[in-house]
Amino acid sequence: DFIREMAGKDTAGCEKEVQVTSIDYPYYNGLEDLAGNADYIIHGKVTDKSYEWRVISTPATELYLNPEDVPPVEEELVTVYSVQVLDSFLPTAEAGMTMEVMLRGGETETTIHRVEGNPELSVDESYLFFLSNSGLFENAGWPLNPTQGICTADAETLENLQTILASPAETGVSFSDYANEELQVYYCDWSKETDTRIRLSEAQ
């Protein structure tokens, strides 16, 4: 929801309109909950940052009896971080590959579109990411929750995560669980008031 506007400036000193929005995300009860809901868990280094207009949702055509009733899908401004995978904690990604971590909002020549709670990631810094898979872009994902799904990859956090993933009896999450389970891919329909996640296997 749009909540306010204010004035800002770009690097050249020109004023830009700043639009701030608020999005509700699911809350996760710590590392165990995050790990149990993530399609990707990676420790990665940010190598680049860009702002792009992308179509980030697809209409749920199975909900419409008449194809002419399917609503149009518009592009939205997205902040795209290129992340080099240093370590992958699930077999859905491999060390050395590059992934795109996407966040809603970004910046144009005239406007800054800011989403409350979105972190500002620094190029050449490393983070721990808990991501849901993007059904529209290869090797790309959205943070499960921007305030929880991206965190500093300190030694204690990484050690705790390894312990969680190695303890399926307590957490229900392990490498073997993911290796033997078909990868579930979701898409998010941002045109909805709530975050709609639909398993592609359920949509078929």
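Draft legend 1. Spatial organisation of the environment of Glu 15. One can find Glu 15 in strand S2 (residues 15–21). C-alpha of Glu 15 to C-alpha of Glu 109: the two residues are 94 residues apart in sequence and 9.9 Å apart in space.

Draft legend 2. Highlighting a nonpolar patch on the surface. A contiguous nonpolar patch, built from Val 55, Val 73 and Leu 136 and spanning about 180 Å² of accessible area, is present on the exposed surface. By the element assignment, Val 73 lies in the loop between strand S3 (40–54) and strand S4 (76–88). Residue classification places Val 73 among the partly exposed positions, given a relative accessible area of 33%.

Draft legend 3. Region of the structure containing the packing of aromatic side chains. Counted under the stated rule, the structure contains 1 aromatic pair. Taking the centre distance of 6.1 Å and the plane angle of 65 degrees together, the rings of Tyr 127 and Phe 129 count as edge-to-face. Each member of the pair, Tyr 127 as well as Phe 129, carries the same accessibility label: buried. Just above the ring of Phe 137 sits the side chain of Arg 54; from NZ or CZ to the centre is 4.5 Å.

Draft legend 4. Focus on the environment of Ala 93. Its place among the elements puts Ala 93 in the loop between S4 and strand S5 (98–104). For the pair Ala 93 and Tyr 40, spaced 53 residues apart in sequence, the C-alpha to C-alpha distance is 6.9 Å. Ignoring sequence-local partners within four residues, the contact set of Ala 93 consists of Tyr 40, Ile 42, Ser 88 and Met 99.

Draft legend 5. Layout of helix H2 (residues 155–165). Inspection of H2 places Thr 157, Leu 158, Leu 161, Ile 164 and Leu 165 among the buried residues, and these make up the whole buried set. Buried residues along H2 cover an arc of 120 degrees about the axis, so they all sit on one side. What points out from H2, more than 90 degrees from its buried face, is the exposed set Ala 155, Glu 156 and Glu 159. One side-chain oxygen at the N-terminal end of H2 lies 3.1 Å from the backbone nitrogen of Glu 156; it belongs to Asp 154.

Draft legend 6. Local environment of the pattern of salt bridges. Summed over all chains, the structure comprises 5 salt bridges. Arg 54 is the partner of Glu 52 in a salt bridge, and the nearest nitrogen-oxygen pair spans 2.9 Å. Classification of Glu 52 as partly exposed rests on a relative accessible area of 27%. By relative accessible area, Arg 54 is classed as buried at 9%. The structure contains a network of salt bridges with shared partners spanning Glu 52, Arg 54 and Glu 100.

Draft legend 7. Local environment of unusual backbone geometry. Backbone geometry places Asp 124, a non-glycine residue, at a positive phi of 80 degrees. Looking at the element boundaries, Asp 124 is found in the loop between strand S7 (111–115) and strand S8 (126–133).

Draft legend 8. Molecular detail of the side chain of Arg 54. Mapped onto the elements of the fold, Arg 54 is located in strand S3. Looking at Arg 54, its side chain comes within polar contact range of the side chain of Glu 100, at 3.0 Å. Not counting the four nearest positions on each side in its chain, Arg 54 is found in contact with Glu 74, Glu 75, Glu 76, Val 78, Val 80, Glu 100, Met 102 and Phe 137.

Draft legend 9. A look at the packing of helix H1 (residues 30–37) against H2. One can describe the packing of H1 onto H2 by two numbers: an axis separation of 10 Å at closest approach and a directional angle of 60 degrees. By the angle between their directions, the pair H1 and H2 is classed as oblique. Here H1 and H2 pass one another in a crossing that is right-handed. Contacts between H1 and H2 involve Leu 31, Glu 32 and Ala 35 from the former and Thr 157, Asn 160, Leu 161, Ile 164 and Leu 165 from the latter. Across the contact of H1 with H2, the residue classes break down as 5 nonpolar, 2 polar and 1 charged.

What counts, and where the lines are drawn
- Residues numbered from 1 in each chain as written.
- Predicted model: local features only at pLDDT ≥ 70, side-chain atom pairs only at ≥ 80, totals over all residues.
- Heavy atoms only, no water.
- Helix = DSSP H or I, 4+ residues; strand = E, 2+ residues; numbered from the N terminus.
- Patch = residues over 30% accessible without salt bridge, like charges linked within 9 Å, V, L, I, M, F, W, Y side chains within 5 Å.
- Areas by Shrake-Rupley, 256 points an atom, 1.4 Å probe, with all protein chains shown as cover.
- Salt bridge = Lys/Arg side-chain N within 4 Å of Asp/Glu carboxyl O.
- Buried < 20%, exposed > 50% of the residue type's maximum accessible area, 1.4 Å probe, protein only.
- Phe/Tyr/Trp six-rings, centres within 6.5 Å; stacked < 30°, edge-to-face > 60°.
- Lys NZ or Arg CZ within 6 Å of the ring centre and 35° of its normal.
- Contact = heavy atoms within 4.5 Å.
- Arc of directions from axis to C-beta.
- Polar contact = N/O pair within 3.5 Å; in protein donor to acceptor, adjacent residues only side chain to side chain.
- Axes fitted to C-alpha atoms, helices over the stretch in contact; angles between N-to-C directions.
- Parallel < 35°, antiparallel > 145°, perpendicular 65-115°, else oblique.
- Left-handed = near helix turned anticlockwise from the far one by under 90°.
- Nonpolar A, V, L, I, M, F, W, Y, C, P; charged D, E, K, R; others polar.

Remember that the coordinates give geometry; whether it matters functionally is a separate question.
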